[in-house]
Amino acid sequence: QVQLVESGGGLVQAGGSLRLSCAASGRTFSSYAMGWFRQAPGKEREFVGTINWSGSSTYYSDSVKGRFTISRDNAKNAVYLQMNSLKPEDTAVYYCAASITRTIVIIMVEYDYWGQGTQVTVSS
């Protein structure tokens with residue numbers, strides 16, 4: 001069982017940066033691939049990016065590639081999402097998720113545990 005708690009969301013102007021954190025409980029955090037997803041009002045939840053169990057491999061959606069970076073610290077049971085050059089269309093609730101699959105995971109249904117989400121609002 002893994003419990004995930006996101007933090008770091010807030011209001012930022014377009015072009016600004018935010019760093020989201022996801023704190024995980026459990027001794028087996030390093031066994032999980034981690035992902036970030038987001039859901040804007042009236043839209044379906046969408047994939048943002050993923051990182052494998054060791055942090056050696058990442059994958060991003062085209063919409064955030066080159067602007068967002070995922071990293072993890074297994075010693076701290078944490079995963080991060082650094083978001084730069086933010087745009088108003090990045091406004092959404094951001095969720096972190098954990099998958100027992102150790103490799104990168106893109107498909108939402110393959111994630112086993114989810115956080116409660118943190119709101120990110122980008123003003124124009």
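Residues numbered from 1 in each chain as written. Predicted model: local features only at pLDDT ≥ 70, side-chain atom pairs only at ≥ 80, totals over all residues. Heavy atoms only, no water.

A.B. asks: I'd like a rundown of the overall build of the chain, residues and numbers included.
C.D. replies: Helix and strand content of the chain: zero helices and 11 strands. From first element to last, N terminus to C terminus, the chain shows the α and β order β-β-β-β-β-β-β-β-β-β-β. For the chain, whose C-alpha radius of gyration is 13 Å, the value lies close to the compact-globule estimate of 14 Å for 124 residues. Once the C-alpha set of the chain is aligned to its principal axes, its extents read approximately 40 × 25 × 25 Å. For the chain, buried positions account for 44% of its 124 residues. Residue pairs at least 24 apart in sequence account for 59% of intrachain contacts in the chain once pairs closer than 6 positions are excluded. On the chain, the mean spot of the 11 positive side-chain charges and the mean spot of the 9 negative ones are 6 Å from each other. (Helix = DSSP H or I, 4+ residues; strand = E, 2+ residues; numbered from the N terminus. Rg over C-alpha atoms; globule rule 2.2 N^0.38 Å. Buried < 20%, exposed > 50% of the residue type's maximum accessible area, 1.4 Å probe, protein only. Contact = heavy atoms within 4.5 Å. Lys, Arg positive; Asp, Glu negative; His and termini not counted. Charge placed at Lys NZ, Arg CZ, Asp CG, Glu CD.)

A.B. asks: With reference to specific residues and values, describe the nonpolar core.
C.D. replies: If you look at the biggest cluster of nonpolar residues, it comprises 28 residues, and the most contacted ones within it are Leu4, Met34, Trp36, Leu81, Met83 and Tyr94. Those elements giving two or more residues to this core turn out to be strand 3 (18-24), strand 4 (33-39), strand 5 (46-51), strand 7 (68-73), strand 8 (78-83), strand 9 (92-99) and strand 11 (118-123). In this structure, Leu4 is in contact with Cys22, Ala23, Ala24, Met34, Cys96, Ala97, Ala98, Tyr113, Trp114, Gly115 and Gln116, ignoring residues within four places of it in sequence. (Core = buried A, V, L, I, M, F, W, Y, C linked by side-chain atoms within 4.5 Å.)

A.B. asks: Pulling in residues and values, what's your account of the environment of Thr69?
C.D. replies: Its place among the elements puts Thr69 in strand 7. On the accessibility criterion, Thr69 (41% relative accessible area) is partly exposed. If near-sequence neighbours (up to four positions away) are discounted, Thr69 is found in contact with Tyr60, Tyr80, Leu81 and Gln82.

A.B. asks: Account for unusual backbone geometry, with residues named and values stated.
C.D. replies: Of note in the backbone geometry, Asn77 takes a positive phi value of approximately 55 degrees without being a glycine. In this structure, Asn77 sits in the loop between strand 7 and strand 8.

A.B. asks: Quick one: what's the story with the state of the cysteines, residue by residue and with numbers?
C.D. replies: Under the counting rule described, the total for this entry stands at one disulfide. The disulfide partner of Cys22 is Cys96, and the S-S distance across this bridge is 1.9 Å. Looking down the S-S bond of the Cys22 and Cys96 bridge, the torsion is 45 degrees, so its handedness is right-handed. Taken together, the residues span a long stretch of sequence, with Cys22 in strand 3 and Cys96 in strand 9 at a distance of 74 residues. (Disulfide = S-S within 2.5 Å.)

A.B. asks: Any chance you could break down the sheet that holds strand 8 for me, citing the residues and the numbers?
C.D. replies: Here we have four strands laid out as an open sheet, ordered 1-3-8-7, and antiparallel in their pairing. Each having just a single partner strand, strand 1 (4-7) and strand 7 make up the two edges of the open sheet. Pairwise comparison of adjacent strand axes, ignoring direction, gives a mean angle of 15 degrees for this sheet. Relative to strand 3, strand 1 is paired through four bridges, and the arrangement is antiparallel. Along strand 3, the bridge assignment pairs Ser7 with Ser21. (Pairing = 2+ DSSP bridges. Axes fitted to C-alpha atoms, helices over the stretch in contact; angles between N-to-C directions.)

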